[in-house]
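Letter by letter, the chains look like this.
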Amino acid sequence: MTSTRRKAHLTELSVIVPIYKVEPYLAACLDSLASQTWRDLEVIMVDDGSPDASAAIAARFAARDSRFRLVSQPNMGLGGARNTGVGHASGEFLAFVDSDDLLPEYALEYLVASLRATGSDFATGNVDVLTSRGRRRSPMHRPIFRGSAAGTHVTRRPVLLYDRLVTNKLWRRSFWDLHGLRFPEGVLYEDIQVAIPAHFLAAKVDVLAAPVYVWRRHASSITRNRVNIKSMEDRFSAVASVRRFLEEHGSRRHLREWDRVALDSDLRIFMHLLDRADEPFQERFLDLTAAYLGQVHRASTDHLTAIRRLQWHLAGRRMLPELLETVTFERTATDEHAPAVRHGLRHYGRLPFLDDPRYAVPREVYRMRDDLALEQEVRAVAWRAGKLVLSGRARVLHLRATRRRDQQLVAWLVQKDARRRLPLGVVLGARGRYRLTVDPRRLHLRRASSPATWTVELWVQNHGVFHRAELGPPAHIKARGLVSMQIEQGVWARPHWSDQKTLRITVGPSVALLTGHRLAGESLELSLEVSVQLGDDGRLCLTPRPGGLTSHHPLVRGDGPASFVARVPLAALKRSTTGRQSEWRAHVMGSALREPIAVTLTGTKPRPRHVVADQEIALRRAAADELAIRVRNPRTNATIFPAERQSIV
């Protein structure tokens with residue numbers, strides 16, 4: 001094993017990049033690391049005996065950037081290369097990046113800032129997928145990262161059982177070493193055997209809704225090469241290893257929850273390959289399924305969908321032709337092709353072989369529980385005669401709602417902090433359609449000195465099934481572009497979509513209002529009017545989006561009793577090294593406040609821009625009229641990774 005330029009001093013963050021046969025993609029990967037806004041890092045590149053020119057590319061990066069270091073070894077596989085990288089790392093934090101993938105340039109700063117603020121053992125973030133069609137949010141990660149959560153745990157947030165990558169995380173090295181975490185070697189799917197146990201071993205974990213990792217999908221990637229027996233055996237083995245860990249460390253409830261997740265996600269992917277696989281693959285799948293199902297408690301399948309429960313029932317009985325029929329049915333059928341049939345108080349799915357004595361499948365296998373989910377969408381939001389009108393659709397999957405009498409819908413305006421609830425009039429249409437009208441004057445308390453935030457809550461009942469959910473998400477362009485309305489002098493109603501894409505309506509006065517801005521030498525000077533007491537240490541706080549280290553700038557009193565001025569050095573706004581647009585959100589804070597207050601804009605939408613050398617600074621209106629400061633290089637149109645221009649396949 002050889003190494004170039006071992007660092008003598010400790011660094012804050014170590015990034016480990018295993019390298020094997022990635023010549024077309026490696027430079028893009030390393031470029032994305034070199035351009036990170038978090039600069040205090042070392043990149044440990046582990047050449048795992050790669051036969052192509054990958055090592056030469058890595059050596060060039062090591063020669064021109066002292067933060068990059070190349071380690072060479074005979075081929076040991078992905079797990080072995082990562083373990084070698086950990087042995088060479090000196091950072092307080094660890095990150096793993098596969099050498100054909102990318103990081104958004106803010107990713108490491110976003111993750112470090114979160115761990116610094118919370119003290120959690122690791123932080124995990126959302127994932128984008130990059131294909132020949134472009135970049136989009138990873139479908140498998142959307143449910144996990146619908147909203148951010150600081151200092152949470154898998155036992156309180158079970159959806160984290162689906163979070164099995166190690167590459168979308170930043171690990172505290174002390175946590176890694178305390179529990180002796182190490183990747184298995186010589187197998188595929190090594191991430192599962194580290195990520196899931198780590199979720200249980202951690203005292204607390206940060207969940208970040210914005211993407212921190214870009215996962216490149218191409219024909220040669222390991223995760224795409226599943227139609228072979230070795231890949232399937234390794235996946236079953238990885239799932240079983242987590243099961244053994246939970247038997248030794250977890251409760252029975254967590255074990256059953258893991259079995260449900262494994263059957264719904266990890267192992268199901270091979271079931272959907274059966275109709276294109278050969279006979280040995282099919283037979284091996286049935287063997288592995290029988291062994292795994294022999295350990296699974298029946299309660300683990302209660303919250304699977306009916307079609308999934310039926311498929312595992314047929315696989316356990318080795319009824320391969322019938323299993324293949326259900327796979328085809330699932331691919332082609334919608335929920336309207338599988339309506340629920342009610343028997344007494346229970347609902348059952350009208351799926352293949354229901355009540356057919358030739359197959360003797362128990363009716364309980366067809367029981368619908370989680371299948372009967374609420375599906376909703378907001379189609380339009382508009383102001384009409386000073387009132388906010390919302391229209392959309394809400395329905396319970398697999399249940400009929402073709403007539404208005406099939407389904408009942410009640411709506412409420414809810415202010416959670418004050419535990420206030422106001423009824424909201426609803427006009428119902430066929431097929432779950434609705435129209436709601438909100439009068440914002442009902443939401444404003446005359447004596448309130450600060451804004452109040454309200455949500456819209458729906459209660460939906462259909463054939464004995466009841467759902468309660470916040471209104472959202474926007475499903476049409478007419479529902480996305482929300483604007484504010486002044487309902488009386490100095491009082492505004494500001495509808496906006498939360499990070500979870502549910503509707504929020506903030507009503508009240510502007511507590512911290514931007515009243516002016518100008519360039520003053522090497523600073524951006526912002527004038528504010530603040531109507532609350534800040535204390536002696538009032539300051540303007542600028543936080544990069546989607547997250548990162550907050551900068552603080554003193555507020556100096558202006559001419560009026562509520563007037564303040566903050567001077568922000570232009571150097572503090574220069575974040576991107578690639579010309580990509582950066583954005584900051586502004587808050588005011590002081591010792592007299594319990595929490596920061598957002599700086600807002602009111603009146604006509606501003607279009608101010610300041611151009612200085614290679615910086616164009618624009619002040620824009622974000623959700624709920626919050627001030628957004630956007631900075632970019634006016635001489636570049638960089639809006640994507642330079643790496644995204646590389647060949648995908």
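Just so we're clear, the structure is a prediction, and the values are computed from it rather than from any experiment. (Residues numbered from 1 in each chain as written. Predicted model: local features only at pLDDT ≥ 70, side-chain atom pairs only at ≥ 80, totals over all residues. Heavy atoms only, no water.)

Draft legend 1. Spotlight on the overall build of the protein chain. Regarding its fold elements, the protein chain presents 13 helices and 33 strands. Relative to its length of 649 residues, the protein chain is compact, with a C-alpha radius of gyration of 28 Å against a globular reference of 26 Å. For the protein chain, the spread of C-alpha atoms along the principal axes amounts to about 85 × 75 × 40 Å. In the protein chain, which comprises 649 residues, the proportion classed as buried is 55%. The long-range share in the protein chain, meaning contacts at least 24 apart out of those at least 6 apart in sequence, stands at 71%. For the protein chain, the accessible surface area stands at approximately 29,200 Å², while carbon and sulfur atoms represent 49% of it. The average position of the 98 basic charges and that of the 69 acidic charges among the side chains of the protein chain differ by 7 Å. (Helix = DSSP H or I, 4+ residues; strand = E, 2+ residues; numbered from the N terminus. Rg over C-alpha atoms; globule rule 2.2 N^0.38 Å. Buried < 20%, exposed > 50% of the residue type's maximum accessible area, 1.4 Å probe, protein only. Contact = heavy atoms within 4.5 Å. Areas by Shrake-Rupley, 256 points an atom, 1.4 Å probe, with all protein chains shown as cover. Lys, Arg positive; Asp, Glu negative; His and termini not counted. Charge placed at Lys NZ, Arg CZ, Asp CG, Glu CD.)

Draft legend 2. Inspection of empty space enclosed by the protein at higher detail. For the structure on display, the rule yields three cavities of 30 Å³ or more. Forming the boundary of the largest cavity are A394, A401, R403, R404, Q407, L409, L428, G429, G432 and R433. Residue composition of the lining of the largest cavity, grouped by class: four nonpolar, three polar and three charged. (1 Å grid on protein atoms, 1.4 Å probe; cavity = no way out; pocket = protein on both sides within 12 Å on 5 of 7 lines; lining within 4 Å. Points joined across faces, edges and corners; volume = space filled by probe spheres on them. Nonpolar A, V, L, I, M, F, W, Y, C, P; charged D, E, K, R; others polar.)

Draft legend 3. How the structure looks around unusual backbone geometry. Between G472 and P473 the backbone carries a cis peptide bond, its omega angle lying at -5 degrees. Position of P473 among the secondary structure elements: in the loop between β20 (465-470) and α13 (477-480). The omega torsion of the bond from R545 to P546 falls at 5 degrees, within 30 degrees of zero and hence cis. Considering the arrangement of structural elements, one finds P546 in the loop between β26 (539-544) and β27 (551-557). The backbone of A385 shows a phi angle near 55 degrees, a positive value even though the residue is not glycine. When you line up the elements, A385 lands in the loop between β13 (374-384) and β14 (387-396). Residue classification places A385 among the exposed residues on the basis of a relative accessible area of 83%. A positive phi angle, near 60 degrees, is found at R431, a position not held by glycine. Relative to the helices and strands, R431 is located in the loop between β17 (426-428) and β18 (433-438).

Draft legend 4. The arrangement of the nonpolar core in detail. Within the largest apolar cluster, 91 residues are counted, with the highest numbers of intra-cluster contacts made by W258 and F285. No other element matches the seven residues that helix α7 (residues 229-249) contributes to this core. Apart from residues lying up to four places away in sequence, F285 is in contact with M232, F236, L267, F270, M271, L274, W312, A315 and L323. Residues V15, I57, A107 and L115 belong to the second largest nonpolar core, which totals 40 residues. (Core = buried A, V, L, I, M, F, W, Y, C linked by side-chain atoms within 4.5 Å.)

Draft legend 5. Layout of helix α10 (residues 279-293). The end-to-end C-alpha separation of α10 is 21 Å, in line with the 21 Å expected for 15 residues at 1.5 Å each. Three or more residues of α10 are buried, namely F281, Q282, F285, L286, L288, T289 and Y292. Packing partners of the buried residues in α10 comprise α7, α8 (252-266), α9 (268-271), α11 (306-316) and α12 (320-332). With a side-chain oxygen lying 3.1 Å from the backbone nitrogen of F281, the N-terminal cap of α10 falls on D278. (Expected span 1.5 Å × (residues − 1). Polar contact = N/O pair within 3.5 Å; in protein donor to acceptor, adjacent residues only side chain to side chain.)

Draft legend 6. View of the packing of aromatic side chains. According to the stated counting rule, one finds 14 aromatic pairs in the structure shown. Arranged with centres 4.6 Å apart and planes meeting at 35 degrees, the rings of F122 and W171 form a pair that is tilted. Here W171 lies in strand β9 (residues 169-172) and F122 lies in strand β6 (residues 122-131), a separation of 49 residues in the sequence. By the ring-pair criterion, three or more aromatic residues cluster together here, those being F96, F122, W171, F175, W176 and F183. Looking at R217, its charged tip hangs above the ring of W215, at a distance of 5.3 Å from the centre. Lying over the aromatic face of Y189, R235 brings its terminal NZ or CZ to 4.5 Å of the ring centre. (Phe/Tyr/Trp six-rings, centres within 6.5 Å; stacked < 30°, edge-to-face > 60°. Lys NZ or Arg CZ within 6 Å of the ring centre and 35° of its normal.)

Interpretation note: all reported values are geometric properties and have no functional meaning in isolation.
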